[in-house]
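Below are the chains, spelled out letter by letter.
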Amino acid sequence: MNMSFYTGAVGAWQQQQRMNVQANNIANVNNYGYKAERATFHHLMYGNVTGIDEEQLPKGSGTKMVKASVDYEPGAYTDTGRLFDFAITGDGFFALFDPASGEISFTRDGAFMMARFELPPAEDAEPVIDPETGEELPPEPEEVWRLSDNEGRCVLDPMGNFIEIDPMDRKADLDIGVFDYRVYDGMLHADSGRFSPINKNGDLYLGTGEVKRGFLETSNVDLAQELTKVIESQRAYSYALRIVQTTDEIEQTINGLRS
């Protein structure tokens, strides 16, 4: 009886975890470059027990969601016509550098913008002379404009350098880097549209994808499929709870017979 309690409780809990994955996919259905996740299950314990006439009978104790695998299939492309929107046709990711943490992450979301950055003056920079008073003033920081995402990260070119933009010539061609890995499995979802690599992914190399300006890649979430899975998870959740309820009723009946 305790085993059926355990199996039912674990089943309900794991279906709740599955619904969390589906809810996250649905919440990001309209986010550019988002890649849907798929819940992957594995049995917790499985073996054989000896039955009548020495027959080997299977025995298990439920399953567990071991990971949420990412579906890297490209989504559809939408024509925005905006200067700093980019999409990759083919394989690969845009690389983003976070100046605050030094982290490099990768994304398929090419909804970029022109952002202003201040660079501190060089250590050997000469002081500025005030033309009116002749007073020496400390050198001022340099102002540059870079291609960035909406959260202060800088987009990198194929050589790993920042992409600077001339504010007087915003339509100039930009050399945006496309990077790729041999193995995608295990990449961590940093947020809705960004990924962080791990050692399992191997070495980084220049990708073969082509950058298209004025386009964005939409999410690859299939809303109809996700809603169907939500219904499946809800049904499985209710069945798992029914196992717990039925087991409790059986135990109450047995305890009543003993008394």
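That block above? That's the structure.
Peer 1: So, the nonpolar core: which residues are in play, and what are the values?
Peer 2: Ranked by internal contacts, the top residues of the largest apolar core, which has 14 residues, are Phe84, Phe86, Phe112, Leu147, Val155, Leu174 and Ile176. Look past the residues within four positions of Ile176 in its chain and what remains in contact with it is Phe86, Phe94, Leu147, Val155, Leu156, Asp157, Pro158, Ile163 and Val211. Membership of the second largest hydrophobic core comes to 11 residues, among which are Tyr72, Phe93, Met187 and Phe195.

Peer 1: How would you explain the side chain of Asn220 if you had to name every residue and give the values?
Peer 2: Of note, Asn220 is situated in the loop between β19 (215-217) and α2 (223-258). Since its relative accessible area comes to 13%, Asn220 is described here as buried. At a separation of 2.8 Å, a polar atom in the side chain of Asn220 contacts the main-chain amide nitrogen of Ala36. The residues touching Asn220, leaving out its near neighbours within four places in the chain, are Tyr34, Lys35, Ala36, Asp71, Tyr72, Glu73, Pro74 and Gly75.

Peer 1: Lay out the pattern of salt bridges in plain terms, naming residues and giving numbers.
Peer 2: A full pass over the atoms with the stated rule returns 14 salt bridges. Put simply, Arg18 and Glu232 hold a salt bridge, and the shortest N to O gap is 3.1 Å. Taken together, the residues span a long stretch of sequence, with Arg18 in helix α1 (residues 2-27) and Glu232 in helix α2 at a distance of 214 residues. Here Arg116 and Glu118 are joined by a salt bridge, their closest N and O atoms 2.7 Å apart. Linked by salt bridges that have partners in common, Lys35, Arg108 and Glu217 make up one network.

Peer 1: Can you break down the side chain of Arg18 residue by residue, with the values?
Peer 2: Arg18 gets classed as buried once you look at its relative accessible area, which sits at 16%. When near neighbours in sequence (up to four residues on either side) are disregarded, Arg18 contacts Ala39, Phe41, Met65, Lys229, Glu232 and Ser233.

Definitions and cut-offs
Residues numbered from 1 in each chain as written. Predicted model: local features only at pLDDT ≥ 70, side-chain atom pairs only at ≥ 80, totals over all residues. Heavy atoms only, no water. Core = buried A, V, L, I, M, F, W, Y, C linked by side-chain atoms within 4.5 Å. Buried < 20%, exposed > 50% of the residue type's maximum accessible area, 1.4 Å probe, protein only. Contact = heavy atoms within 4.5 Å. Helix = DSSP H or I, 4+ residues; strand = E, 2+ residues; numbered from the N terminus. Polar contact = N/O pair within 3.5 Å; in protein donor to acceptor, adjacent residues only side chain to side chain. Salt bridge = Lys/Arg side-chain N within 4 Å of Asp/Glu carboxyl O.

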